[in-house]
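# Topology and contacts: notes
Chain by chain, the residues:
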Amino acid sequence: MDTDRLLQVSTSLADELSDPADHAGCHPQSLADGAAGIAVLHLERAAQHLGDPALGHRFLAAAVTGGLHTGSTASPFFGTPAVAYALHAAARSGRYVRVHDIVDHGVADVVQRRLDHAQARIERGDAPALGEFDALYGLTGLAAHLLRHDPHGVQTRRVIEYLVRLTHPLPGSGGLPGWWSCQPLKSRNTDTTGGHSNHGMAHGISGVLAALALAERNSIGVTGQREAIERICTWLDTWQQPHPSGPWWPEIVTLEDLRRRTPRQLRPSRPSWCYGTPGIARAQQLAALALHDEARRDLAEAAILGCINDPQQLAQITESGLCHGAAGLFQTAWRMAADSVTDTLTGHLPGLAEQLLPDKPNPESGLLMGRAGLALAQTTAATSTVVTDWDAFMVLR
């Protein structure tokens, strides 16, 4: 692995992302593609003594210009929670103490409103929208922030209690899981009439599993928490599919799949963090660590190794970003390797790092799918270090 080259390229990308004015077309309080997300890159580099901390502060200042958004569209990736996430990376600088208090109050308001809406939906007996509970827009993403910032706080506990409740069967559904969503999936050529179970880390139950496992590992004892982890694992075990290179899971399961007892998806999808086997495998590894389940840990690690060792799966990675590109695959594998009891996965990291030097430049600039996220993964690969826990938004740790 050419660490010097990785550092050189990551520095070049960071230099390209040094002026908030260049990103005026994106909302500054977007963690995905705005100033809040790019601030995370510069703050991590500064924490590793690789960049100028003033750049991170410049992007943070741009993110809060015009006031903090706490309205109905505020989410882990937009508005006050997104700014709070970026601010956490700046905590070691000792700055923004007053702003932290303001932002924390704003996040508390957003979390309370989300919990109230979720409770009202539960009382109606309706199926949830993905954005109620997922990592990008919902309460799993808010849990990832709270677990990092206030792990033993009252609101953190309430969010974990909600996630536990989400794993109970949906009332009047004949046994469908509580995360069964009737939200249409326009981006997938699949009939989701009657709803579906989403298995991805970004929008599905694997993100919930990861958050619950992290809570368990942080000794946050919520009634039914371990049972909820086991309930999700049992569901994923039911839909685990064999493959010559290693086990995999379908991205979604529909009512028709339930009737046929087999998924319409016939082969592994691209090995991405957001929907693919790597993200699901990391969630299961975290669950295994929380439950001290060696067999599940071995299964999870075999699954991601299967992706890495299968050229046909790797060929489906055609982008460089964190969400569904090479950066997300590397960062997921790096976190899994750090928690593995063997060196097998670690031995594959140099090869994955080579994929972080794409032939074509990424036209997007943001954290989730653009150059900021790629530069962060390159920095991880080059230094074998993450100082600010910047990848916590991916529910990886």
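Note that the coordinates shown come from a computational prediction; the quantities given were computed from them, not determined experimentally.

## Focus: the packing of helix α7 (residues 139–149) against helix α9 (residues 205–217)
- The geometry of α7 relative to α9 is characterised by a closest axis approach of 9 Å and an angle of 25° between their N-to-C directions. Comparing their axes, α9 and α7 come out roughly parallel. Crossing angle aside, the handedness with which α7 passes α9 is left-handed. Residues Thr140, Ala143 and Leu147 of α7 form the contact with α9, whose participating residues are Gly207, Val208, Ala211, Leu214 and Ala215.
- Partitioning the contact of α7 with α9 into residue classes produces six nonpolar, two polar and no charged.

## Some remarks on the UniProt feature "binding site: Zn(2+)" (unreviewed entry) in the chain
- As recorded in UniProt, the sites labelled "binding site: Zn(2+)" (unreviewed entry) are Cys274, Cys323 and His324. Over a stretch of 51 residues, the named residues converge on one spot in the fold, their C-alpha atoms separated by at most 5.9 Å.
- Along the chain, cysteine 274 turns up in the loop between α11 (255–260) and α12 (277–291).
- Relative to the helices and strands, cysteine 323 resides in the loop between α14 (311–314) and α15 (326–338).

## Brief notes about α15
- For α15, with 13 residues, the first-to-last C-alpha span of 18 Å sits near the 18 Å given by 1.5 Å per residue.
- With 12 of 13 residues buried, α15 lies mostly within the body of the structure.
- For α15, every residue scored as buried is listed here: Ala326, Ala327, Gly328, Leu329, Phe330, Gln331, Thr332, Ala333, Trp334, Arg335, Met336 and Ala337.
- Check the buried side of α15 and you find it contacts α12, α13 (294–308), α14, α16 (349–354) and α17 (371–383).

## As for the environment of glutamate 216
- Along the chain, the position of glutamate 216 falls in helix α9.
- Distance from glutamate 216 to alanine 90, taken between C-alpha atoms, is 26 Å for residues 126 residues apart in sequence.
- Here glutamate 216 is in contact with Gln225, Arg226, Ile229 and Ala290, once residues within four sequence places are set aside.
- Among the polar contacts listed, one links the side chain of glutamate 216 to the side chain of glutamine 225, at a separation of 2.6 Å.

## Points about the packing of α9 against helix α10 (residues 225–239)
- Two numbers describe how α9 lies on α10: the axes approach to 10 Å, and their chain directions differ by 145°. Considering only the axes of α9 and α10, their crossing is left-handed. Residues Ile205, Ser206, Val208, Leu209, Leu212, Ala213, Ala215 and Glu216 of α9 pack against Gln225, Arg226, Ala228, Ile229, Ile232, Cys233 and Leu236 of α10.
- Here the contact of α9 with α10 is built from residues that sort into 11 nonpolar, two polar and two charged.

## Structural notes on the side chain of serine 340
- By the element assignment, serine 340 lies in the loop between α15 and α16.
- On the accessibility criterion, serine 340 (15% relative accessible area) is buried.

So, how was this worked out
- Residues numbered from 1 in each chain as written.
- Predicted model: local features only at pLDDT ≥ 70, side-chain atom pairs only at ≥ 80, totals over all residues.
- Heavy atoms only, no water.
- Axes fitted to C-alpha atoms, helices over the stretch in contact; angles between N-to-C directions.
- Helix = DSSP H or I, 4+ residues; strand = E, 2+ residues; numbered from the N terminus.
- Parallel < 35°, antiparallel > 145°, perpendicular 65-115°, else oblique.
- Left-handed = near helix turned anticlockwise from the far one by under 90°.
- Contact = heavy atoms within 4.5 Å.
- Nonpolar A, V, L, I, M, F, W, Y, C, P; charged D, E, K, R; others polar.
- UniProt positions renumbered as here; feature names shortened; annotations may be inferred.
- Expected span 1.5 Å × (residues − 1).
- Buried < 20%, exposed > 50% of the residue type's maximum accessible area, 1.4 Å probe, protein only.
- Polar contact = N/O pair within 3.5 Å; in protein donor to acceptor, adjacent residues only side chain to side chain.

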